[in-house]
Structure formats: C-alpha cells, structure tokens
Amino acid sequence: MAALRSLLPCVPGLLRPRHGCAALRTFAAGAKFEYIITEKKGKAHNVGLIQLNRPKALNALCKGLITELSQALQAFEEDRAVGAIVLTGGEKVFAGGQHGSGSWAVRGAV
Ligand SMILES: CC(C)=CC(=O)SCCNC(=O)CCNC(=O)[C@H](O)C(C)(C)COP(=O)(O)OP(=O)(O)OC[C@H]1O[C@@H](n2cnc3c(N)ncnc32)[C@H](O)[C@@H]1OP(=O)(O)O
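Scope of this entry: the structure provided in the associated data block. Because the structure is a prediction, the values reported are computed rather than measured.

1. A closer look at the overall build of the protein chain
When you go through the protein chain residue by residue, the secondary structure sums to five helices and three strands. Seen in sequence order, the protein chain has helices and strands lined up from the N terminus as α-α-α-β-β-α-β-α. Of all intrachain contacts in the protein chain linking residues separated by at least 6 positions in sequence, the fraction that spans at least 24 positions is 70%. About 6700 Å² of surface is accessible on the protein chain, with carbon and sulfur atoms providing 56% of the total.

Set out below in structure tokens:
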C-alpha cells in the first residue's frame, strides 16, 4: 500500500500523515468524495476499492483529486480490516494525466 501511495506526485504537503484531521474523520463517517468513489468490497469487506471519478475531464489529476486520493489511501491503510487496495480509472481511460498544461504541484492553483 505504501508503494501505491508513492506513485502519487511528490507533494509533501498533501501526502503528509493527517491523523485526526477533519477530512479523514469525514471519510471515516462515509461521506462521499467529489473526485473519487470509495467502497469496501469482498465477502469480508477487506478490499478497498478507489475509483477515479472525474469523467468530464477524463480523470485529469487536479489538486482536489490528488488530495482525496491521498486521504482515501491513508484511510484504507489505517483500516486493519483492509488487506488490499484496488485503484481504478474510467471506462475510456485510467486518467488523462496531470490536469492542464501548468504544474499545479508547484502553483497549487487548480
Ligand atoms: C502526472 C504528471 C507529472 C505528468 C503527466 O500527467 S504528463 C501527461 C499529461 N496529459 C496529457 O498530456 C493528456 C492530455 N489529454 C489528451 O491528450 C486527450 O484528452 C486524450 C488523448 C487523453 C483523450 O482525447 P479525447 O479526444 O478522447 O478526449 P478530449 O476531448 O481531449 O478530452 C475530454 C475532456 O477531458 C479533458 N481533459 C483530458 N485530459 C485532460 C488534462 N490532462 N487536463 C485537463 N483536462 C483534460 C479535456 O479537456 C476534455 O474536456 P472538455 O470537453 O471540457 O474540453
């Protein structure tokens, strides 16, 4: 799971552990994300499924999507019942890559 998170663009502020932050508490309470869909699958509910869900932009990786993805990965990592995480994209493409032509990772403006 740590390897999966390491595939995310290197944005230290976004990937830093956020124990107890408001966003994680919201996730734990089952609230829906804007850019991803999360679900626990399997008979034992031990597979964490994360689907990128920004279809109009072909799942382009905007700051909000990366933030939510990081939060979901961390929440599944911290869930002792979850033994595997599956990350999927859309029907047409997995993701359109980094959003826009600029670097949101540097400017943080998307
Ligand atoms: C992660 C890091 C560090 C780097 C990178 O990701 S580099 C790669 C960056 N990505 C790209 O260069 C791909 C850009 N997108 C495309 O070339 C095409 O969209 C496509 C080949 C993936 C699909 O082409 P198609 O003709 O089937 O669909 P479109 O009409 O072009 O796209 C539909 C819809 O999605 C929006 N879109 C797609 N990719 C991005 C993106 N990277 N950022 C923002 N928006 C994206 C596209 O603008 C269009 O939206 P509208 O209908 O509102 O124009």
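Okay, back to it.
2. So, the sheet that holds strand 1 (residues 36-41)
Spatially, the three strands line up as an open sheet ordered 1-2-3, and their pairing is mixed. Each edge of the sheet is formed by a strand with only one pairing partner; in this case those strands are strand 1 and strand 3 (84-88). Sheet twist, expressed as the average angle between the axes of neighbouring strands with direction ignored, equals 20°. As paired elements, strand 1 and strand 2 (residues 47-52) share six bridges and run antiparallel to each other. Each residue of the ladder has a partner; that of E39, found in strand 2, is L49.

3. Examining the environment of V47
When you line up the elements, V47 lands in strand 2. Along the primary structure V47 and E77 are separated by 30 residues, whereas in three dimensions their C-alpha atoms are 11 Å apart. Each residue touching V47, except ones within four places of it in the same chain, is listed here: E39, K40, K41, A84 and V86.

4. Comments concerning the site of the ligand
In the neighbourhood of the ligand, the contacting residues comprise K56, A57, L58, A60, K92, G96, G97, Q98, H99 and G100. Here an oxygen atom of the ligand sits 3.4 Å away from a polar atom, N or O, in the main chain of K56. The contact in question runs from an oxygen atom of the ligand to an N or O atom on the backbone of Q98, over 2.6 Å. For the ligand, whose free accessible area comes to 990 Å², the fraction covered by protein is 35%. Class assignment of the residues belonging to the shell around the ligand gives a composition of three nonpolar, five polar and two charged.

5. So, unusual backbone geometry
Positive phi is not limited to glycine here, since H45 has a value of about 50°. Along the chain, H45 turns up in the loop between strand 1 and strand 2.

6. What about the nonpolar core?
By size, the foremost hydrophobic cluster in this structure holds 14 residues, and its most contacted members are I36, I50, L65 and I85. For this core, the secondary-structure elements that each account for two or more residues are strand 2 and helix 4 (63-78).

About the thresholds
Residues numbered from 1 in each chain as written. Predicted model: local features only at pLDDT ≥ 70, side-chain atom pairs only at ≥ 80, totals over all residues. Heavy atoms only, no water. Helix = DSSP H or I, 4+ residues; strand = E, 2+ residues; numbered from the N terminus. Contact = heavy atoms within 4.5 Å. Areas by Shrake-Rupley, 256 points an atom, 1.4 Å probe, with all protein chains shown as cover. Pairing = 2+ DSSP bridges. Axes fitted to C-alpha atoms, helices over the stretch in contact; angles between N-to-C directions. Near = heavy atom within 4 Å. Polar contact = N/O pair within 3.5 Å; in protein donor to acceptor, adjacent residues only side chain to side chain. Nonpolar A, V, L, I, M, F, W, Y, C, P; charged D, E, K, R; others polar. Core = buried A, V, L, I, M, F, W, Y, C linked by side-chain atoms within 4.5 Å. Buried < 20%, exposed > 50% of the residue type's maximum accessible area, 1.4 Å probe, protein only.

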